[in-house]
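Architecture and fold: a report
These are the residues of each chain, in order.
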Amino acid sequence: MRNTSYIEISRSALASNFKYIRSRLEAKTRLSHVVKGNAYGHGIDVYVPLAHELGADHFSVFDAHEAHEVLKVLGKKVDILIMGMIADEQLEWVIENDIEFFVFDWIRLEKASQIARKMKKPALIHLELETGMNRTGFEKESWPQIANFLKQNTDAICFKGLCTHYAGAESISNHLRVKAQIKRFKKGRNMFKDMGFTPEIIHSACSAAFLRFPKTHFDLVRVGILQYGFWPNMETFISTEGLQGEGADPLQRAISWKSRVMNVKTVPKGEYVSYGTSYLATQELKVATVPVGYSHGFGRNLSNAGRAIVRGTRVAVIGVVNMNVMILDVSHLDNVEIGDEVVLIGNQGEQQISVSSFSEYSDQMNYELLTRLPHNIPRYVKD
Ligand SMILES: *Cc1c(COP(=O)(O)O)cnc(C)c1O
């Protein structure tokens, strides 16, 4: 049954973004495609096979459930890395399926080694070092102890990777903090090296670090937002392309979100539109109702603020956004009919609604807005 709105993912936009990212990587550095948050709202089940078709062979996810989703669509053709949550009872499944995972505390390390020994199959771990974000990661004081543990458990633990994560590499205001993190990470790598460990994959960079600190690339980069065609923030764009490059945007947004006009009517001058009294018709209006509301991810914070495109023209959301519908002011359009395409994110004709403009109206970042797009909106690939 047709849904009230749908999401299109552009193959050509993705191909172009992947090419751009790879052009900034040395040939020896692998690219891991971060697909947590339902592939930043693009939909794991549609996005992951498409990315794989375009050459992606490494995916990073947040939890075991997402790893399961990736495995379901691609099988064991690619590497899968869990960066966050694994419940104890999921560890066996993770090890069984050769899924690699971050380890950032003793409990998981010991559990993994016990389970792996029982299974006679080594757990493929990436040791996460605390370097200054203070979220997850082993503290510096514990590193020698960890190294000893790994030495004693080589039958059960395969020390595959060494990693960390930066606390806000997208902002110049965090420059010193990130620099200090890089330094600490290198110290950690050297310490493990001195103890006789040379894990195959050293990695630390997210999109912003990848762009701003090429030194952080090491063997693999974990790129999320950038592959979908979004900059982590405006500052990363300016510092990457505005100052060093040509100033044009080399990325292409891959996502569009579309619906159709459900109803058109005239509102007499002096009447209010939608619930309450937040929008007064100061003249006669023509309004179009669209079957997308806050339950579909079009936030109430876009009441009297959001924009959409109908018949190639930008129009405004008026009144409060309802659970299932929003109301657009289409008074200045000659001809609007039921069934007309409505673009909520993306292009139509000359006009564009970007996710970031969307967030300017509502204070949500690209990241949040994308990942809040509900799972049940159907996603399609277009060329
Ligand atoms: C989310 C995340 C990334 C990717 O971040 P982007 O800014 O989207 O590139 C990389 N590493 C870790 C540990 C993450 O949690």
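Heads up: these notes are all about the structure in this document.

Conventions used here
- Residues numbered from 1 in each chain as written.
- Predicted model: local features only at pLDDT ≥ 70, side-chain atom pairs only at ≥ 80, totals over all residues.
- Heavy atoms only, no water.
- Axes fitted to C-alpha atoms, helices over the stretch in contact; angles between N-to-C directions.
- Helix = DSSP H or I, 4+ residues; strand = E, 2+ residues; numbered from the N terminus.
- Parallel < 35°, antiparallel > 145°, perpendicular 65-115°, else oblique.
- Contact = heavy atoms within 4.5 Å.
- Patch = residues over 30% accessible without salt bridge, like charges linked within 9 Å, V, L, I, M, F, W, Y side chains within 5 Å.
- Areas by Shrake-Rupley, 256 points an atom, 1.4 Å probe, with all protein chains shown as cover.
- Salt bridge = Lys/Arg side-chain N within 4 Å of Asp/Glu carboxyl O.
- Lys, Arg positive; Asp, Glu negative; His and termini not counted.
- Charge placed at Lys NZ, Arg CZ, Asp CG, Glu CD.
- Buried < 20%, exposed > 50% of the residue type's maximum accessible area, 1.4 Å probe, protein only.
- Near = heavy atom within 4 Å.
- Polar contact = N/O pair within 3.5 Å; in protein donor to acceptor, adjacent residues only side chain to side chain.
- Nonpolar A, V, L, I, M, F, W, Y, C, P; charged D, E, K, R; others polar.
- Phe/Tyr/Trp six-rings, centres within 6.5 Å; stacked < 30°, edge-to-face > 60°.
- Core = buried A, V, L, I, M, F, W, Y, C linked by side-chain atoms within 4.5 Å.
- Domains from an automatic or database assignment.
- Pairing = 2+ DSSP bridges.

Points about the packing of helix α6 (residues 106–119) against helix α7 (residues 143–152)
Orientation of α6 relative to α7, taken along the N-to-C sense of each, is 5°, at an axis distance of 12 Å. On the basis of the axis angle, α6 is roughly parallel to α7. Contact with α6, carried on its side by Trp106, Leu109, Glu110 and Ser113, involves Gln145, Ile146, Phe149 and Leu150 of α7 and no other residues of that element.

Regarding a positive patch on the surface
A cluster of like positive charges, contributed by Lys140, Lys183, Arg184 and Lys187, occupies part of the molecular surface. With respect to the helices, strands and loops of the structure, Lys183 is situated in helix α8 (residues 175–194). Relative accessible area serves as the criterion here: at 61%, Lys183 is assigned to the exposed category.

Things to note about the site of the ligand
The immediate surroundings of the ligand are formed by 13 residues, with Lys36, Tyr40, Ser207, Ile225 and Tyr367 found nearest. Within the side chain of Arg222, a nitrogen or oxygen atom sits 2.9 Å from a nitrogen atom of the ligand. Between the ligand and Ile225 there is a distance of 2.8 Å, counted from an oxygen atom to a backbone nitrogen or oxygen. Its free accessible area being 390 Å², the ligand has 91% of it covered by the protein chains. Those elements that provide at least two residues to the shell around the ligand are α2 (36–40) and β9 (220–223). Each residue belonging to the shell around the ligand can be placed in one class, and the counts come to seven nonpolar, three polar and three charged.

So, the packing of aromatic side chains
Per the counting criterion, the structure on display carries 13 aromatic pairs. Taking 6.2 Å as the distance between ring centres and 65° as the angle between the ring planes, the aromatic pair formed by Phe192 and Phe197 counts as edge-to-face. Among the residues examined, Phe197 registers a relative accessible area of 12% and is labelled buried. Among the aromatic side chains, those forming a connected cluster through ring pairs are Tyr40, Tyr47, Tyr228 and Tyr367.

As for the nonpolar core
Of all hydrophobic cores here, the largest spans 112 residues; its most connected members are Phe101 and Leu328. Taken together, domain 1 (11–244) and domain 2 (255–353) each give at least three residues to this core, which thus spans both. Apart from the residues within four sequence positions on either side, Leu328 is in contact with Lys286, Val287, Ala288, Val290, Ala308, Val310, Val315, Ala316, Val317, Ile318 and Val342.

With respect to the sheet that holds strand β5 (residues 100–103)
One closed barrel holds the eight strands; their spatial order is β2-β3-β4-β5-β6-β7-β8-β9, and the pairing between them is parallel. In this sheet, neighbouring strand axes are inclined to one another by 30° on average, regardless of whether the strands run parallel or antiparallel. Where strand β3 (residues 58–61) meets strand β4 (residues 79–82), four bridges bridge the pair, whose relative direction is parallel. Paired with Ser60 across the two strands is Leu81, which belongs to β4.

With respect to unusual backbone geometry
Despite not being glycine, Asp98 shows a phi value in the positive range, around 55°. Along the chain, Asp98 falls in the loop between α5 (91–96) and β5. Of note in this structure, Asn134 is not a glycine but carries a positive phi near 60°. With respect to the helices and strands, the residue Asn134 is situated in the loop between β6 (123–128) and α7.

With respect to the pairing of strand β2 (residues 30–34)
Across the five residues of β2, four count as buried, placing the element largely inside the fold. Strand direction decides the pairing type here: β2 and β9, joined by four bridges, are parallel. Its bridge partner being in β9, Leu31 is matched across the sheet by Val221. Across two bridges, the pairing between β2 and β3 is parallel. Across the sheet, residue Val34 finds its bridge partner in β3, namely Ser60.

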